[in-house]
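# Descriptive structure summary
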Amino acid sequence: MKGINKRVAIGFMSIVALLFVSGMISLFELSNLSNDTENILSTGKRNMELAKDMLNSAHDHSRAIINMAIFNDHAYDSLCRSSLNALEERIASARSESFNAECLDSLAITVKELRTLSDAYLVPAAAESNAKSAEPSIADDFALAEGSVTGKIWYETKYQTVYTRLLGQIKHFMQLTHSSLAPRAAQLNRNAYRSVTPVFISLLVMIAIVLMFFYFVNVYCVRPIVRINTALSNYLTFKLPFRVKAELLDELKELHDNIDTLVNISKQTKQ
């Protein structure tokens, strides 16, 4: 391979290699960025689903308790127990997915307290209601009314306190999981800059290489060709001596020497 061909090929292959390497690095970083984004979004979505299910179960339990304690409707007993079971299942699921353990421990304790409180009041109340419903009387109606008042007092003084604390802890769970995503979001921002940086650097380097390549091609290729052509035109038109004032390398030096040889042969022939 001749000199000029080699230099031109090396110049263009260097640009191609630089673009390829920077593209692969950016592709790798963008892949990591995509995975991190997907993980953050899936974690946030799962957190919202768990919190929503907990709030729905807590609401179902409160509704069942109101109907049982205040309206003496013990048909909601199954809803009362199933909602507590659902709460415990959601807490266990969140624990298995490595959410905040301390917050989940507080939630589990509150749910257990809620179950103990509900059972301590509703089981005797249900037995008494069933016993009275076997032989209804006017006295039983007064007893049911009195029991409703007692249930309302129990709901407002005991149950509602624990229920409000449960709601507060569920909201605290949402806030903790949301705040735990903040460092990951900041890391995501840094990864975004890191994925763009190689492309930006390679762009600057490529601009510098192209400018350098333009300079060397102009100095060592374009100018010599122009001056060789000008010297040859001056010789043919004005019979001026064939002299090229330029630094000639490789094939251009060979081209100059060949033209000079032809000019000398032409002079000798004319003589």
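Everything here concerns the structure above.
Let us look at the structure shown here. Owing to the predicted nature of the structure, the values given are computational and were not obtained by experimental measurement.

Moving on, we get to the overall build of the chain. Helix and strand counts for the chain stand at five helices and zero strands. Expressed as a percentage of its 271 residues, the buried residues of the chain come to 28%. In the chain, once contacts between residues fewer than 6 apart in sequence are set aside, the share between residues at least 24 apart is 77%. By element, 63% of the accessible surface of the chain is carried by carbon and sulfur atoms, the whole surface being about 17300 Å².

This part takes up the pattern of salt bridges. Tallying each qualifying case throughout the model produces 10 salt bridges. Two residues, Glu49 and Arg46, come together in a salt bridge whose shortest N-O distance is 3.6 Å. Here the residue Glu49 and the residue Arg46 both occupy positions in helix H1 (residues 3–69), the gap between them amounting to three residues, near one helical turn. What makes Glu49 partly exposed here is its relative accessible area of 33%. Residues Arg81 and Asp77 are paired through a salt bridge, measuring 3.1 Å at the closest nitrogen-oxygen approach. With Arg81 and Asp77 both in helix H2 (residues 77–96) and four residues apart, the pair spans about one turn of that helix. On the accessibility criterion, Arg81 (32% relative accessible area) is partly exposed.

The grouping of Phe200, Ile201, Leu203, Leu204, Val205, Ile207 and Leu211 at the surface amounts to a nonpolar patch, some 630 Å² of accessible area in total. As for its position among the elements, Ile201 is in helix H4 (residues 138–238). When its relative accessible area of 45% is taken as the criterion, Ile201 is described as partly exposed.

With that out of the way, let us pick up the nonpolar core. Ranked by internal contacts, the top residues of the largest apolar core, which has 28 residues, are Met54, Ile65, Leu107, Trp154, Tyr159, Leu166 and Phe173. Elements with a contribution of two residues or more to this core: H1, H2, helix H3 (101–134) and H4. In this view, Ile65 contacts Ile70, Cys80, Ser118, Leu122, Trp154, Tyr155 and Tyr159; residues no more than four positions away in its chain are not counted. Formed by eight residues, the second largest nonpolar core is a distinct cluster that contains Ile228, Tyr235, Phe242 and Val244.

About the criteria used
Residues numbered from 1 in each chain as written. Predicted model: local features only at pLDDT ≥ 70, side-chain atom pairs only at ≥ 80, totals over all residues. Heavy atoms only, no water. Helix = DSSP H or I, 4+ residues; strand = E, 2+ residues; numbered from the N terminus. Buried < 20%, exposed > 50% of the residue type's maximum accessible area, 1.4 Å probe, protein only. Contact = heavy atoms within 4.5 Å. Areas by Shrake-Rupley, 256 points an atom, 1.4 Å probe, with all protein chains shown as cover. Salt bridge = Lys/Arg side-chain N within 4 Å of Asp/Glu carboxyl O. Patch = residues over 30% accessible without salt bridge, like charges linked within 9 Å, V, L, I, M, F, W, Y side chains within 5 Å. Core = buried A, V, L, I, M, F, W, Y, C linked by side-chain atoms within 4.5 Å.

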